[in-house]
Amino acid sequence: MVHFGHANSLRQAKALGAYLIVGVHTDEEITKHKGPPVYTEEERYKMVRAIKWVDEVVEGAPYVTTLETLDKYNCDFCVHGDDITMTADGVDTYHLVKEAGRYKEVKRTAGVSTTDLVGRMLLMTRQHFYRGQREYEVGKEGSSTMGQDSAARSPWTGCSQFLPTTQKIIQFSEGKEPKPGDRIVYVAGAFDLFHVGHLDFLEKARAEGDFLIVGLHTDPVVNSYKGKNYPIMNLHERVLSVLACKYVSEVVIGAPYVVSADLMDHFKIDIVCHGNTPIQPDSETGEDAYGIPKKRGCFKFLDSSNQMTTEKIVERIIQHRLEFETRNQKKELKEIAAFEAMKKSQMLNGEA
């Protein structure tokens, strides 16, 4: 997948230099070494290119990073998170650049991983949008086959909860105000499991003006019109996912479902856009959520020409449930073995 944890790693990597090149592996390489990918390689190339800190993407990058690869693209060093990535044979994929002193490490984003998100989709859990006293609890219900319960042992993709901070939002935010004369565009929705469908829509929306504001509905509101255990990602996670997109200028956290006159006047919105997803009436009043911008003559439907939806992503996971369960089990076992080996090495070197 491509999620805000990856985006945060890329943000940190960009801060270590002036130009960030990101190598993205093929589906074949990922299947061989990690298990079936959720997004196709073409989707992942597109998603990574749209992350605001990325300057260039190398398609089909080798799974084991070599010095030849760094030299080919004029890279001074390679960056990865502080979790261990290994080949199918249990070899550290960065051992060559580490040995050559051309490797740097950044902090992994605790509380999110592809493993965790796949688990939420397969288990149809609802704990990721608990409210009140239980909102930030770490222990979650679930199945040990997905490594999501309290028995999960991997230090990287086991059970944890993403804890949002204002600092993290600031790090992801542009922090810029619209300039005088800027045409301000507003869109709203769930933007759950941020994918290429969202990306193409936001690119079209940004083309309608100079400053794009995205309103994100709260978890209960999204659940009221999507049902089941949607949203898969809670509001805090969706905020960072959308902020990482280079087309987005600002995010309204917990935007009202009905686009009101007050909201439009407050943000000085010139045009409100919506995609092809059906617009449901407000659950309380029954009014059209876009009634006001329609009356003002500043509402526009946008066709992104992309048929991808969050539901289709979930369908992919469910169709390949056994493959993903096997993937996650193998991944956890490899990570546990690597973690134990790392601890043993540290003890021998007197670091522990």
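Residues numbered from 1 in each chain as written. Predicted model: local features only at pLDDT ≥ 70, side-chain atom pairs only at ≥ 80, totals over all residues. Heavy atoms only, no water.

Caption draft 1: Up close: the packing of aromatic side chains. Taken as a whole and judged by the stated rule, the model has five aromatic pairs. With a centroid separation of 5.2 Å and an interplanar angle of 80°, the aromatic rings of Trp53 and Phe172 are classed as edge-to-face. One end of the pair, Trp53, is in the loop between α3 (41-49) and β2 (56-59); the other, Phe172, is in helix α7 (residues 166-172), and 119 residues separate them in sequence. With respect to class, Trp53 is no different from Phe172; both count as buried. Ring centres 5.5 Å apart and planes at 40° place the aromatic pair Tyr225 and Tyr257 in the tilted group. One end of the pair, Tyr225, is in helix α9 (residues 219-226); the other, Tyr257, is in the loop between β7 (250-253) and α11 (261-266), and 32 residues separate them in sequence. Of the residues examined, Tyr257 reaches a relative accessible area of 16% and is grouped as buried. Every member of this aromatic cluster is reached through a ring pair, and the members are Tyr290, Phe299 and Phe301. (Phe/Tyr/Trp six-rings, centres within 6.5 Å; stacked < 30°, edge-to-face > 60°. Helix = DSSP H or I, 4+ residues; strand = E, 2+ residues; numbered from the N terminus. Buried < 20%, exposed > 50% of the residue type's maximum accessible area, 1.4 Å probe, protein only.)

Caption draft 2: Highlighting the pairing of strand β8 (residues 271-274). A two-sided burial pattern is seen for β8, the buried positions comprising Ile271 and Cys273 on one face and Val272 and His274 on the other. As paired elements, β8 and strand β9 (residues 299-301) share three bridges and run parallel to each other. What sits directly across from Val272, in β9, is Phe299. (Pairing = 2+ DSSP bridges.)

Caption draft 3: Quick peek at the sheet that holds β7. Read across the sheet, five strands follow the order β7-β6-β5-β8-β9 without closing on themselves; strand pairing throughout is parallel. At either end of the open sheet lies a strand with only one pairing partner, and these are β7 and β9. Put simply, the sheet's adjacent strands are angled 25° from each other on average, direction ignored. (Axes fitted to C-alpha atoms, helices over the stretch in contact; angles between N-to-C directions.)

Caption draft 4: Main features of the environment of Gly23. Looking at where Gly23 falls in the secondary structure, it is placed in strand β1 (residues 21-24). Along the primary structure Gly23 and Pro62 are separated by 39 residues, whereas in three dimensions their C-alpha atoms are 8.0 Å apart. Contacts of Gly23, omitting those with residues within four sequence positions, involve Val58 and Ala61. (Contact = heavy atoms within 4.5 Å.)

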